[in-house]
Amino acid sequence: MRVVAHLSDLHFGRTDPATLPALANAIAAARPDVVVVSGDLTQRARRSEFAQARQFLETLPRPQIVVPGNHDVPLYDVLSRWLLPLDRFRRYISSDLAPFYADDEIAILGINSARSWTFKNGRVNRDQVARGCARLGLSGEQVTRIVVTHHPYDVPGAGAGGTLVGRARMAMAGFAKCRVDMILSGHLHVGHVGHSAARYKIPRHSALLVHSGTTTSSRRRSESNSFNLIAIDRPHVRIDRLTWDEAAFALSATEHFELTQDGWSRVGDGHGAERA
Ligand SMILES: [Fe+2]
Ligand SMILES: [Fe+2]
């Protein structure tokens, strides 16, 4: 079994400071095999914010898979935005914009979806998908393949695809070819688990679309801070959401899935299995 801690949207520069030590404690207690941060490490891509993010990441277990979000590209510093959009992310967080981790149970690939020319929305391109698939495709049949991008491939509860990552359909078709099992994302500041089949009709492809809420931002929009603990014991996956209750991160929801011949199916609470 492997445990992945999935955090997102830390937004240093606008964090609730009480959440930080509590988060570090909760993650230490979970003893994850990998820590994932799906973007928006900062609020305004300032050096001081990146330095704080760096310092906090140092307190968390490794390995870590960290990708940038739209807030990690300078917004008002026009020269930086266009000439060196991810220079600060590279300098303070990681020079690797396609981080990869693999063992004999899981393979995790980070894909950068932050772009200079979109203020909020992001995009992935064919080359990123092809290169990512080439790496993930080397893992064995029993390995659960996971992609991490900041921008989402699904928008819970909304019909239109306004804030989906750009080229989402192309990307999902590519991920189907290399049998991606799970995509971890953030950006929406909403914790949610969906299923690729709800939006993408790709025969014989099934992926869980796991969103983390903002883990430490004081700008919470509609819900409290949260992060996910994902326990992978193929063919079973359990996703726990831990939510900030003003004192600690506490378990607020658990969802179970099982990989069947029809793909990932939600395992209900006493009502049998239902397609997610
Ligand atoms: Fe965010
Ligand atoms: Fe974002």
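Residues numbered from 1 in each chain as written. Chains lettered and ligands numbered in written order. Predicted model: local features only at pLDDT ≥ 70, side-chain atom pairs only at ≥ 80, totals over all residues. Heavy atoms only, no water.

### Considering the packing of helix 5 (residues 126-136) against helix 6 (residues 168-177)
In helix packing, the relevant descriptors are the interaxial angle and the interaxial distance, both defined with respect to the helix axes. What counts here: Orientation is described by lines fitted to C-alpha atoms, with helices fitted over the stretch in contact, and by angles between N-to-C directions that extend from 0 to 180 degrees. Every helix listed is a DSSP run of H or I at least four residues long, and every strand listed is a run of E at least two residues long, numbered separately from the N terminus. If an angle is under 35 degrees, it is roughly parallel; if it is over 145, roughly antiparallel; if it lies from 65 to 115, roughly perpendicular; otherwise it is oblique. Helix crossings get a hand from a simple test, with the near helix turned counterclockwise from the far one by less than a right angle marking a left-handed crossing and a clockwise turn marking a right-handed one. Between two residues, a contact is recorded if the distance between any of their heavy atoms is within 4.5 Å. Gly is placed with the polar residues, together with every amino acid not listed as nonpolar (Ala, Val, Leu, Ile, Met, Phe, Trp, Tyr, Cys and Pro) or charged (Asp, Glu, Lys and Arg).
Relative to each other, helix 5 and helix 6 sit at 15 degrees, their axes nearing to 10 Å. Regarding the angle of helix 5 to helix 6, the classification is roughly parallel. The handedness of the crossing between helix 5 and helix 6 comes out as right-handed. Counted together, Arg126, Val129 and Cys133 of helix 5 and Met170, Ala171, Gly174 and Phe175 of helix 6 form the full contact between these two elements. Each residue belonging to the contact of helix 5 with helix 6 can be placed in one class, and the counts come to 5 nonpolar, 1 polar and 1 charged.

### A look at the coordination of the iron ion (ligand 2)
Applied cut-off: Keep in mind that water is not among the atoms, so a site may look incomplete; donors are the N, O and S atoms within 2.8 Å of the metal, or 3.2 Å for Na, K and Ca. By the criteria applied here, four donors are tetrahedral when all angles lie between 85 and 135 degrees, four are square planar and six octahedral when opposite donors are over 155 degrees apart and every other angle lies between 65 and 115, and any other arrangement is irregular. The cut-offs for exposure are 20% and 50% of the maximum accessible area for each residue type, with area from a 1.4 Å probe on protein chains only; residues under the lower value are buried, those over the upper are exposed, and the others partly exposed.
Every protein donor of the iron ion (ligand 2) is accounted for by Asp40 (OD), Asn70 (OD1), His150 (NE2) and His187 (ND1), and the metal-donor separations fall at 2.2 to 2.3 Å. Of note is the iron ion (ligand 2), whose 4 donor atoms meet at the metal with angles of 87 to 160 degrees in an arrangement that counts as irregular. Read in sequence order, the donor residues coordinating the iron ion (ligand 2) give the pattern D-x29-N-x79-H-x36-H. A spacing of 3.5 Å is found between the iron ion (ligand 2) and the iron ion (ligand 1), which share Asp40 as a donor. Residue His150 is located in the loop between strand 6 (144-148) and helix 6, and its partner His187 is located in the loop between strand 7 (182-185) and strand 8 (192-195); the two are separated by 37 residues in the primary sequence. Take His150 and His187: they sit in the same class, and that class is buried.

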